[in-house]
Amino acid sequence: MRQIALSLSLAGLSFVMTAIWGGPLLRILRHYKIGKIIRVEEPGHHGVKMGTPTMGGVMFIFPVLLFSGLLNAAALIGGLSGAVGVGRSILLPMAVMAGFAVLGAVDDWEGIRGKRKGDGMRARTKFMFQVLLALVAAYILKYQMDAPDMYFPGIFFKVELGWWYVPIAAFIIVAESNAINFTDGLDGLAGLIAATAIAAFGGIALMQEQVYIARFCFILVGALFGFLWFNVHPAELFMGDTGSLSLGAVLAVVALMEGQWLMLLIIGIIPLSEMLSVVIQIGYFKWTKGKRFFKMAPIHLHFELLGWSETQVVQRFWLIGLMAALIGIGLSQV
């Protein structure tokens, strides 16, 4: 009970910290004109978002890294074991968040001021760096942290993967990173979905008595709420790839550290649907030589073109994500 109270208190402090420094950061982004460029093929009303400050992921990433680092300083400096559940276990999600945030920031900057203005980094280049970062994280999970093997709920034996754990875990990290990236397209959508999923995995960590992971998760949830203060419709800033790539990667790493990778398919049903919609759209377009399966992908744009308002899409997707999170928490205990 004490750990639950502490984790929720940390979420509150993180929210306040993020909300306080959000205003000055927003002014800085506006001053240097770090504004989003809207794709011409997006629904017409998205044009009003042109120039809205982006790279806003810094707003929640910086407080999470600072707060988590300070909170765990004694354990990190004290030379505790690297096993999951103690102080050093928090280093990996912090490092993954920082690494993918830097990659996303480079992509955002390239799309705003670089040679590929409006497009960002080449997809192949970005994907290569994602895979590299994910492989390093997966190797550390397997051979340095002795993370739990992957298993299926309801089956009373674990699937021993051996060295196959590394490429499979890397695939999950890259896939989830891109899934949240695709989800980030409407005001507040990615932030709400990610906060709900991370809170669910934070709850699972508490039930597993992995208190350091739980604290990290709830610090991140509080920071995301602080970011959403500025990101809900009409958004004053966007998280950009700086935020979305790092959120997805951290979500996957936390799930892997808990041995609950399969719950990403349920708790992360909205990001999964967004990613699959893009895959289906591209595959169907090539197969039919020009026809579209959806009106537009990712799927949140499809529903907008069906007549749903932006607010309706965000709220309905979030309700689905919330129910999926509750179901996922329950299934994780089977």
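Given the structure is predicted, the values throughout are model-derived calculations rather than measurements.

(A) Molecular detail of the overall build of the chain. Helices and strands together make up the secondary structure of the chain, namely 13 helices and 0 strands. Listing the helices and strands of the chain from first to last along the sequence gives α-α-α-α-α-α-α-α-α-α-α-α-α. For the chain, the residues scored as buried account for 52% of the 334 residues in total. Sequence-distant contacts, at least 24 apart, represent 74% of the contacts inside the chain between residues at least 6 apart. A total of about 15500 Å² of accessible surface is found on the chain, and carbon and sulfur atoms cover 69% of it.

(B) Here's a closer look at unusual backbone geometry. The linkage connecting His233 with the following residue, Pro234, adopts the cis geometry, with an omega of -5 degrees. Checked against the element boundaries, Pro234 lands in the loop between helix 8 (211-231) and helix 9 (240-257). Even without being glycine, Met55 reaches a positive phi, approximately 65 degrees. Relative to the elements of secondary structure, Met55 occurs in the loop between helix 1 (2-31) and helix 2 (58-71).

(C) Region of interest: the nonpolar core. With 79 residues, the main nonpolar core has Phe60, Ile173, Ile198, Phe201, Leu220 and Leu247 as its most contacted residues. Among the elements that line this core, the one with the most residues is helix 8, at 12 residues. Sequence-distant contacts of Phe60, that is, excluding residues within four places in its chain, are made with Thr18, Leu220, Ala223, Leu224, Phe227, Met239, Gly243 and Leu247. The next biggest cluster of nonpolar side chains, apart from the first, holds 9 residues, and it includes Leu186, Ile270, Val313 and Val314.

(D) Representation of the packing of aromatic side chains in the model. For the structure shown, the criterion picks out 10 aromatic pairs. Their ring planes at 70 degrees and their centres at 6.3 Å tell us that Phe15 and Trp229 sit as a pair that is edge-to-face. Remark: Trp229 occurs in helix 8 and Phe15 occurs in helix 1; sequence separation between them is 214 residues. Note on Trp229: relative accessible area 59%, which makes it exposed. Both rings, one in Phe60 and one in Phe227, keep their centres 5.4 Å apart while their planes meet at 75 degrees; by these two values the pair is edge-to-face. You can see Phe60 sitting in helix 2 and its partner Phe227 sitting in helix 8, a full 167 residues away along the chain. Here the guanidinium or amino end of Arg215 rests over the ring plane of Tyr212, the centre of that ring lying 5.3 Å away. Above the plane of the ring of Trp308 lies Arg316, whose end atom (NZ or CZ) is 4.6 Å from the centre.

Here is what the cut-offs are and how they apply
- Residues numbered from 1 in each chain as written.
- Predicted model: local features only at pLDDT ≥ 70, side-chain atom pairs only at ≥ 80, totals over all residues.
- Heavy atoms only, no water.
- Helix = DSSP H or I, 4+ residues; strand = E, 2+ residues; numbered from the N terminus.
- Buried < 20%, exposed > 50% of the residue type's maximum accessible area, 1.4 Å probe, protein only.
- Contact = heavy atoms within 4.5 Å.
- Areas by Shrake-Rupley, 256 points an atom, 1.4 Å probe, with all protein chains shown as cover.
- Core = buried A, V, L, I, M, F, W, Y, C linked by side-chain atoms within 4.5 Å.
- Phe/Tyr/Trp six-rings, centres within 6.5 Å; stacked < 30°, edge-to-face > 60°.
- Lys NZ or Arg CZ within 6 Å of the ring centre and 35° of its normal.

Without other data, these values stay purely geometric and don't point to any function.
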